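Spelled out, the chains give:
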Amino acid sequence: MIEIKNISKTFHQEKQSFKALDEVSLNIEQGDIVGIIGFSGAGKSTLIRSVNLLEKPDQGQIIINGKDLTTLNNRELARERKKIGMIFQHFNLLSSRTVFDNVALPLELDNTSKSEIAEKVNQLLKVVGLEDKAKDYPKSLSGGQKQRVAIARALANDPYLLLCDEATSALDPVTTQSILQLLKDINQRLKITILLITHEMDVIKAICNHVAVIDKGKLIAKGTLEEIVSNKENPIIKQFIIPKTATIPQSLSSQLQPELSVGLFPLLE
Ligand code: ADP
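So, how was this worked out
- Residues numbered from 1 in each chain as written.
- Predicted model: local features only at pLDDT ≥ 70, side-chain atom pairs only at ≥ 80, totals over all residues.
- Heavy atoms only, no water.
- Pairing = 2+ DSSP bridges.
- Helix = DSSP H or I, 4+ residues; strand = E, 2+ residues; numbered from the N terminus.
- Axes fitted to C-alpha atoms, helices over the stretch in contact; angles between N-to-C directions.
- Buried < 20%, exposed > 50% of the residue type's maximum accessible area, 1.4 Å probe, protein only.
- Lys, Arg positive; Asp, Glu negative; His and termini not counted.
- Salt bridge = Lys/Arg side-chain N within 4 Å of Asp/Glu carboxyl O.
- Polar contact = N/O pair within 3.5 Å; in protein donor to acceptor, adjacent residues only side chain to side chain.
- Parallel < 35°, antiparallel > 145°, perpendicular 65-115°, else oblique.
- Left-handed = near helix turned anticlockwise from the far one by under 90°.
- Contact = heavy atoms within 4.5 Å.

### Some remarks on the sheet that holds strand E10 (residues 218-223)
Strand order in this open sheet of six strands is E6-E7-E8-E3-E9-E10, and the pairing throughout is mixed. For this open sheet the edge positions go to strand E6 (84-88) and E10, each flanked by a neighbour on one side alone. Pairs of neighbouring strands in the sheet enclose a mean axial angle of 15°, with direction left out of account. Examined bridge by bridge, strand E7 (residues 161-165) and strand E8 (residues 193-198) share five bridges and lie parallel to one another.

### What to know about the side chain of Asp68
Along the chain, Asp68 falls in strand E5 (residues 67-68). Among buried Asp, Glu, Lys and Arg side chains, Asp68 stands out as unpaired, with Lys56 the closest opposite charge at 8.1 Å. At 3.2 Å, the side chain of Asp68 and the side chain of Gln61 are in polar contact.

### Section: the packing of helix H5 (residues 143-154) against helix H6 (residues 173-190)
Interaxial distance between H5 and H6 falls to 10 Å at its minimum, and their mutual angle equals 20°. On the basis of their axis angle, the class for H5 and H6 is roughly parallel. H6 is crossed by H5, and the crossing has right-handed handedness. Listed contacts from H6 to Gly144, Gln147, Arg148 and Ile151 of H5 are Thr175, Ser178, Ile179, Leu182, Leu183 and Ile186.

### What about the pairing of strand E1 (residues 2-13)?
As paired strands, E1 and strand E2 (residues 16-28) are joined by nine bridges and run antiparallel to one another. Note that in E2 the partner of His12 across the bridge is Ser17. Taken together, E1 and the strand that follows it, E2, pair antiparallel across an intervening segment of two residues, in which Glu14 is found at a positive phi of about 45°. Of the strand pairs in this sheet, E1 and strand E4 (residues 59-64) are connected by five bridges, and their pairing is antiparallel. Of the residues in E4, the one forming a bridge with Ile4 is Ile62.

Geometry only, nothing functional implied.
Right under this line is the structure:
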C-alpha cells in the first residue's frame, strides 16, 4: 500500500553537504504498525518526513495506493496530505487555542461547517478520552493529555496513515504506555496504518509488527522483530537491538494497566 522506493536525500549547508538518506526502500502494508529505529542522526525523521513530502527526496518515489506522490502538483499533494496525520515529540499545539479549537483546526482549514466540526471534534475528544477538557488550554494539560489532543487533531480528516515522530519521547513510562495503547487501539479499531520512529526498543516491542533499522542514512534491516534479532552478524543489530530486546521480557502492551486501555472508543463500541 505504501511503497518507499529508493529514496535519497542530501542536505546542503554552506560549503558542506550531508547524505541523510541513501537509497532507502521500504514497503508498508495497510494496517501495519511499522517502527523505524536507529541512533540519533541516522535519518529517521528525514525518512518519515519524506513519506508526506514535508522533505522532498532528491531521488526515488513515494507510492501510496498506486499514486506516486513525488509527481503531484502542490494542490494534489495538499489533498493527499490531508489523509496522512502526523504527531510530534513536542505535540505542536497552538497555545492560544483551546483543546476543542486545536482539534478543530484542520477542519476549519477545510471549510467544514460549524455543526459538522462540533460533532467531529466531540467524537474525537471521546476517542482520545478528553471529552471533559474541550474548553481547557494546552498549558493546563499534562504531556500525555497534550499528545492526546495532538492525536485527535491528526485524526480530524480521517487519515489512512499516521506518522509518529518520536511521539512518546517526551513522556514518562506510564504515560508512554497509555499513548502506545491508544495508538494500538486506533490502528485496530479505525484501521489506520501507523509508521513511527523511535530510538527506544520498548516502543517497538510494545506495538510494532514490523521494524526497519536505519543507520547512517541506510536501511540496514527490515522484518519482524524476531527476524531482525536473528541477524546476529550485523554489528548495529548486535550492539543496539539484541541487548535491548534481551532486557525486555514482556511487551509493554501486556503490562498495561487495564484502566488505561478501556473506554477509549465509547462511540465505536
Ligand atoms: P534522526 O531522526 O535519526 O535523528 P534526522 O533525519 O533528523 O535523524 O537527521 C539525519 C541527518 O541529517 C543529521 O545529521 C541531521 O543533522 C541532518 N539534517 C536533518 N535535517 C536537516 C536540515 N534541514 N538541514 C541540514 N541537515 C539536516
